[in-house]
Number of protein chains: 2
Amino acid sequence: MAGVLAGMRVVEGSAFVAVPLAGMTLAQMGADVIRFDRPQGGLDARRWPVTKDGVSLFWAGMNKGKRSLAVDMARPEGQEIVTALICAPGPEAGMFLTNLRARGWMDYPALKARREDLIMVSLTGTRRGEPAVDYTVNPSLGFPMATGAEGSAEPVAHVLPAWDCIAGGMVVNALLAAERHRLRTGRGQLAELSLKDVAAAMLGHLGIVGEVLANGVDRAKAGNALYGAYGQDFLLACGTRVMVVGLTDRQWRGLVQVLEAKEAVAALERRLGLDLRAEGNRWAARKEITGLFAPWFATRPLAEVAPLFDAAGLTWSVFRSFGEAVRTDPDLSPDNPMIAAIHQPGVGVLPVPGLPIGFSDLERVAPAPAPVLGQHTEEILADLLGLGSGQIGRLMDAGVVAQGIRPAVRAA
Amino acid sequence: MAGVLAGMRVVEGSAFVAVPLAGMTLAQMGADVIRFDRPQGGLDARRWPVTKDGVSLFWAGMNKGKRSLAVDMARPEGQEIVTALICAPGPEAGMFLTNLRARGWMDYPALKARREDLIMVSLTGTRRGEPAVDYTVNPSLGFPMATGAEGSAEPVAHVLPAWDCIAGGMVVNALLAAERHRLRTGRGQLAELSLKDVAAAMLGHLGIVGEVLANGVDRAKAGNALYGAYGQDFLLACGTRVMVVGLTDRQWRGLVQVLEAKEAVAALERRLGLDLRAEGNRWAARKEITGLFAPWFATRPLAEVAPLFDAAGLTWSVFRSFGEAVRTDPDLSPDNPMIAAIHQPGVGVLPVPGLPIGFSDLERVAPAPAPVLGQHTEEILADLLGLGSGQIGRLMDAGVVAQGIRPAVRAA
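Predicted, not measured: the structure shown is a model, and the values here were computed from it.

Reading the values: the criteria
Residues numbered from 1 in each chain as written. Chains lettered and ligands numbered in written order. Predicted model: local features only at pLDDT ≥ 70, side-chain atom pairs only at ≥ 80, totals over all residues. Heavy atoms only, no water. Helix = DSSP H or I, 4+ residues; strand = E, 2+ residues; numbered from the N terminus. Buried < 20%, exposed > 50% of the residue type's maximum accessible area, 1.4 Å probe, protein only. Contact = heavy atoms within 4.5 Å. Areas by Shrake-Rupley, 256 points an atom, 1.4 Å probe, with all protein chains shown as cover. Lys, Arg positive; Asp, Glu negative; His and termini not counted. Charge placed at Lys NZ, Arg CZ, Asp CG, Glu CD. Phe/Tyr/Trp six-rings, centres within 6.5 Å; stacked < 30°, edge-to-face > 60°. Least-squares fit on C-alpha atoms with pLDDT ≥ 70 in both. Pairing = 2+ DSSP bridges. Axes fitted to C-alpha atoms, helices over the stretch in contact; angles between N-to-C directions.

Engineer: I keep staring at the overall build of chain A and nothing clicks. Help me out?
Structural biologist: Counting secondary structure elements, chain A contains 16 helices and 13 strands. In terms of overall dimensions, chain A has C-alpha extents of about 85 × 45 × 45 Å along its principal axes. When each of the 412 residues of chain A is scored for burial, the buried share is 62%. Pairs at least 24 apart in sequence give 68% of the contacts found in chain A among residues at least 6 apart. As displayed, chain A has an accessible area near 14800 Å², and 53% of this comes from carbon and sulfur atoms. Seen as two clouds, the 41 positive and the 42 negative side-chain charges of chain A have centres 3 Å apart.

In structure tokens, the structure reads:
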């Protein structure tokens, strides 16, 4: 089973979410992705969540299917190994992803001097190279102040590192677009982006910049309501909470029909003087609509509601904790062809997701475990850099490279 | 100024966030992206936010730089126009992105019969084709139950449509990977993904599946704390709230140093019996650390804190509303080379973001406005399908296609 990018080789010098996720996406598409880390592990070697033994479930999650090289980049011999690997020949090689501070030996001009058509994708915090992470970018752009219960003054930050995940996708976009350009022109290049710019662009794309400047509106918190149309959470008689959506006409009509609320909604429209077929009017009247619908939900258990909603094709879901989702949702189990139960060294057997894309011309590639740190050091040095076993042994003895290390649980 | 994908042509049949965002990313990379919609506008033609005149700022934000074809797909002549456009010849054409229900004339087998090497990327709600949107996928996977104030039982949904944005990036990944495959093999294919699968995969990648199954832990709400290490929000003397991050050793040491808290932290370590150099111990002791640091913040205004933090290279930010961010952050203004002030028809002049990637071998492409619905109908029919002015006139008169319509503010 070869992925859609089989034959491509990418070197990754990274930590945390965005660039590791980008490299893993490429690996799950079939590319040979080599991540290099210092022998004591990168900045994210112990990132939470961790097992009771201190093995990072995060690291295992973000590095599946890659090869791992452990090399001391503080030493000239280590720098030479990484440089030679990034700039190794081959029409489908010569590609480097990084969010490390690429200065000096690892910056684009230095690497380009070794391989003229190098493609390098560099992700920074801000466009000026200042430090920034998802946890700081998000507050600076306004989302936490617009999240949470209506009327509350406390900002609520998201738990999903959304900007990192979005930036990771953009890193893949940049690499594939740049490689397409190289295939056509023979020219490599540096593609630069920042986490802050990725998020700032989205603020414009979503219309929020226009909402502020054209409308003079600073969006307030609105709880779990769907912005600009109708969508709300309701408590059922059994204590389960559900989300129902009436964003499109079809969804709204379906919801009103299943709730047998046609007359009541018409009466509400007359009372408010609003045509609720218009999505903006549903938003304006959302509290009245919710007041109208809530008793229906409050008197019915999930066992009654779910078949009704599914039969009508409504767009809805149940609120679950992570634990409930993981333990009960078939989409998170090997019932889903995207997921396979595999053994992750140091962790055990878990259901593990592969690529969420199915390509009709190719078999689905089953997910592979993440490597142990330095698991592939010897084979990379031998096969890709042509080093002999004597040379490799000397580099190991000197601590320039290392093979198959389990990262220490605690920081040095 | 030609983008990195100049020469590529992609047809998009879409609504809402993920696929429009994917098409726009391709357009901002220089591809000719043609979005088709029914003459009354697609499902998202009036999506909020809207101007006071009812023009969708959302639609304008998600469709920048595309060409717009207005065509009635309910009629056979309209279906033939869309099919001919999707399957038009050309080595860099024959690519179709959609999140519409692609059944019958618009499904992959039907289109493939017209162009054997077609590339089609189809995004659905769930892998079974059930309806699902960001607002329903997110509750079903657990994030709202882990978001918000510690101890609170109320779920808090995110405001950013994060899963849609992530899925949009994955749609671009799929298209570029499939086109690379076609360049090498001559074979097109259908790439299928679902919003739910994109999100479900991330639950595994982030280690949350392992946290539940390997650790038996169902993560609880922890307010705005950075999970698994140290990061917290603090109120300053001036009333401004800041986020500070001590995720890496370097960040943590820098923070302790700027706060002149080395002795106090050492005393805390002795009292708790924890080495706070280990990130997991910082997480365990986060409340004690926050208690230790809070008085420092509470007695200093931003004007004093900001230069100290910046000089020390700390990773931190200010909490702002959308309005404060848009009005005060240079990264959201034309000071940022990613952003230009342009005129959006029906809206006015706004600072508008282009692609957040800079390619060193190419000039930055300035952002283009979104089209008016059907703005390019005539030129597309003439230039790409070779229709004469008489034919186009008859199609217009018959209402099969339309040119340059401003969508009605209200639903029909």
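On we go from here.
Engineer: Explain the packing of aromatic side chains here, please?
Structural biologist: How two aromatic rings sit relative to each other is set out by the distance from centre to centre and by the angle between their planes. One pass over the full model with this rule turns up 28 aromatic pairs over all chains. Ring centres 6.0 Å apart and planes at 80° place the aromatic pair Phe-297 of chain A and Phe-309 of chain A in the edge-to-face group. Note that Phe-297 of chain A is positioned in helix α12 (residues 286–298) and Phe-309 of chain A in helix α13 (residues 302–311), a separation of 12 residues in sequence. Arranged with centres 5.0 Å apart and planes meeting at 70°, the rings of Tyr-227 of chain B and Trp-283 of chain B form a pair that is edge-to-face. Linking Tyr-227 of chain B in the loop between α8 (208–213) and β7 (230–235) with Trp-283 of chain B in helix α11 (residues 279–284), this pair joins segments that are 56 residues apart in sequence.

Engineer: Help me understand the relation of the copies chain B and chain A in this model?
Structural biologist: Taken together, a rotation about one axis and a shift along it account for how the two chain copies relate. If you rotate chain B by 180° and push it 0.0 Å along the axis, it lands on chain A with an RMSD of 0.0 Å. Both copies are brought into coincidence by an operation consistent with a two-fold rotation axis. Mapped onto chain A, 100% of the interface residues of chain B again fall at the interface, so both copies present the same surface.

Engineer: I would appreciate a short explanation of the sheet that holds strand β9 (residues 316–318) of chain B in the present structure.
Structural biologist: Two strands in a sheet stick together by hydrogen bonds in their backbones, pointing the same way (parallel) or opposite ways (antiparallel). In space, the 3 strands of this open sheet follow the order β7-β8-β9 (chain B), with antiparallel pairing throughout. Here the strands that pair on one side only, and so sit at the sheet edges, are β7 and β9 of chain B. Ignoring which end each strand starts from, the neighbouring axes of this sheet average 15° apart. For β7 of chain B and strand β8 (residues 241–246) of chain B, the ladder comprises 6 bridges, and the chain directions are antiparallel. Counterpart to Asp-233 of chain B in the pairing with β8 of chain B is Met-243 of chain B. This element, helix α5 (residues 134–141) of chain A, spans β8 and β9 of chain B of the sheet and lies at about 15° to β9 of chain B.

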